[in-house]
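# Structural characterization, general
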Amino acid sequence: MASKTVHVFCSQGTWQVKREGASGKAYGTKREAVAAARKTMNSMRAGQFVVHGKDGLIKEHGTHNMTPVQDPPKKSSRASEIARAVSQVVLDRLQSNSTP
Amino acid sequence: MSARLKRNDVFINCPFDGGFKPIFNAIIFSVLDLGFVARCSLEEDDAAEFRLSKIERMIEKCRFGINDLSGVAIDPSTSLPRFNMPLELGLFLGCKRFGLPNQSKKRTLILDSEPYRYRKFISDIGGQDIRSQGGDPERAVREVRDWLQATSRRVGLAGGGEIAEHYRRFQRDLPSVCARFALEPDRLTFLDLSATIADWLRTGR
């Protein structure tokens, strides 16, 4: 079963829109990719989309019929490092599944 | 006591060392996946403040409390039980009973390793929401989910099976995430673990 998260990320000069366990699609611009990701998310019963920046940090995130995650009340001193690591591990797995 | 009660904040009162860590981690994960905020005395690092004052301040702000009493057992090195968890549970219940009117909205879940074990050491808490997690992290996830859904009356929350599945996938990814900043998963601080779970939920669900 495909995951509920629609990812937007840059790979080899194009912007990819992909869910884990499903085929993806490439777009010429980030704007087009984000619009397509939102459309995909809204077509799902419940889902979320996330835009991975080139620096590895989450740039944009949205949910549709899915509980949004709250930020912890106190920020870890390693918050950016952790965000990059999580994003990279998830993207590595996503990209190793199949090519869009 | 005059702090505003935060409707998303859940005070976690659990043993967090050694063999209890899998249950502790599963409870935090479940709380965050449901859109609530996990609070714990471990998030404070101000050594100048008395530990009890930190805990009191945190309890006062949290609408919900999850208290795991499974760590109440005889410590072989002292022949005495550890009693921090029942103390913090007592503070939570006392705050609800004797605090300002808004504190009466507090709700608490009590977890233990076995059904009715609490009757042998703290029988006066009978009548509260007391459930057994059976020493199984996924069972703890389901108990926390069902209790939070019922007490908060929020709609659209993920089911226990779905959260348990998210938790399995998170556990699969955690060693790779930690390897990227040269840390062992078991050595993450509470703040680091909360940040890791929150970021994973935004990208990995």
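Since we're looking at a predicted model, the values are computed, not measured.

The subject of this paragraph is the overall build of chain A. Across its full length, chain A holds 2 helices and 5 strands. Listing each helix as α and each strand as β along chain A from the N terminus yields β-β-β-α-β-β-α. The globule rule puts the C-alpha radius of gyration for 100 residues at 13 Å, and the 13 Å found for chain A is close to it. Expressed along its principal axes, the backbone C-alpha trace of chain A runs to roughly 35 × 30 × 25 Å. Expressed as a percentage of the 100 residues in chain A, the buried residues total 49%. Taking as baseline every contact in chain A between residues at least 6 positions apart, the subset at least 24 positions apart corresponds to 41%. On chain A, roughly 5,200 Å² of surface is accessible, and the fraction owed to carbon and sulfur atoms is 46%. Computed over 16 positive and 7 negative side-chain charges, the separation of the two mean positions in chain A equals 5 Å.

Right, let's get into the sheet that holds strand β1 (residues 6-13) of chain B. Residues and elements named next belong to chain B. Spatial strand order, β2-β1-β3-β6-β7: 5 strands in an open sheet with parallel pairing. Of all the strands in the sheet, the pair left with one neighbour each is β2 (37-39) and β7 (129-132). In this sheet, neighbouring strand axes are inclined to one another by 25° on average, regardless of whether the strands run parallel or antiparallel. As defined by bridge partners, strand β3 (residues 62-68) adjoins strand β6 (residues 107-112) across 5 bridges and the pair is classed as parallel. By the bridge assignment, glycine 65 is partnered in β6 with threonine 108. Lying on the sheet, helix α3 (residues 84-98) is in contact with β1, β3 and β6; it crosses β3 at an angle near 150°.

Let us now look at the pattern of salt bridges. Charged atoms that come close allow side chains of opposite charge to pair. What the rule picks out here adds up to 19 salt bridges over all chains. Here glutamate 88 of chain B ties to arginine 51 of chain B by a salt bridge, and the two come within 4.0 Å at their closest N and O atoms. Residue glutamate 88 of chain B is found in helix α3, and its partner arginine 51 of chain B is found in helix α2 (residues 51-61); the two are separated by 37 residues along the sequence. With a shortest N-O distance of 3.8 Å, arginine 202 of chain B and aspartate 199 of chain B are connected by a salt bridge. In this pair, arginine 202 of chain B and aspartate 199 of chain B both sit in helix α6 (residues 190-204), 3 residues apart, roughly one turn of the helix. You can call aspartate 199 of chain B buried: its relative accessible area is 10%. Look at the salt bridges and you will find they share partners, linking Glu20 and Arg93 of chain A together with Arg172 and Asp173 of chain B into a network.

Bringing the pairing of strand β1 (residues 5-11) of chain A into the picture now. Residue and element names in this part refer to chain A. Summarising burial for β1: 6 of the 7 residues are buried, a large majority. As defined by bridge partners, β1 adjoins strand β4 (residues 47-52) across 4 bridges and the pair is classed as parallel. Within the sheet, the bridge partner assigned to histidine 7 lies in β4 and is valine 50. The pairing of β1 with strand β2 (residues 14-19) spans 6 bridges and is antiparallel. Bridge pairing in β2 links phenylalanine 9 to glutamine 16. The hairpin formed by β1 and β2 contains 2 residues between the paired strands, and glutamine 12 there has a positive phi angle of roughly 50°.

All names here are of chain B. Counted according to the given criterion, the structure contains 8 aromatic pairs over all chains. For the pair phenylalanine 170 and tryptophan 200, a centre-to-centre distance of 5.8 Å together with 75° between the ring planes defines the contact as edge-to-face. Residue phenylalanine 170 is found in helix α5 (residues 160-179), and its partner tryptophan 200 is found in helix α6; the two are separated by 30 residues along the sequence. Residue tryptophan 200 is classed as buried on the basis of its relative accessible area of 1%. Counting every residue linked through ring pairs, the aromatic cluster contains Phe29, Tyr167, Phe170 and Trp200. Sitting above the plane of the phenylalanine 92 ring, lysine 106 keeps its charged end 5.2 Å from the centroid.

The rules behind each value
Residues numbered from 1 in each chain as written. Chains lettered and ligands numbered in written order. Predicted model: local features only at pLDDT ≥ 70, side-chain atom pairs only at ≥ 80, totals over all residues. Heavy atoms only, no water. Helix = DSSP H or I, 4+ residues; strand = E, 2+ residues; numbered from the N terminus. Rg over C-alpha atoms; globule rule 2.2 N^0.38 Å. Buried < 20%, exposed > 50% of the residue type's maximum accessible area, 1.4 Å probe, protein only. Contact = heavy atoms within 4.5 Å. Areas by Shrake-Rupley, 256 points an atom, 1.4 Å probe, with all protein chains shown as cover. Lys, Arg positive; Asp, Glu negative; His and termini not counted. Charge placed at Lys NZ, Arg CZ, Asp CG, Glu CD. Pairing = 2+ DSSP bridges. Axes fitted to C-alpha atoms, helices over the stretch in contact; angles between N-to-C directions. Salt bridge = Lys/Arg side-chain N within 4 Å of Asp/Glu carboxyl O. Phe/Tyr/Trp six-rings, centres within 6.5 Å; stacked < 30°, edge-to-face > 60°. Lys NZ or Arg CZ within 6 Å of the ring centre and 35° of its normal.

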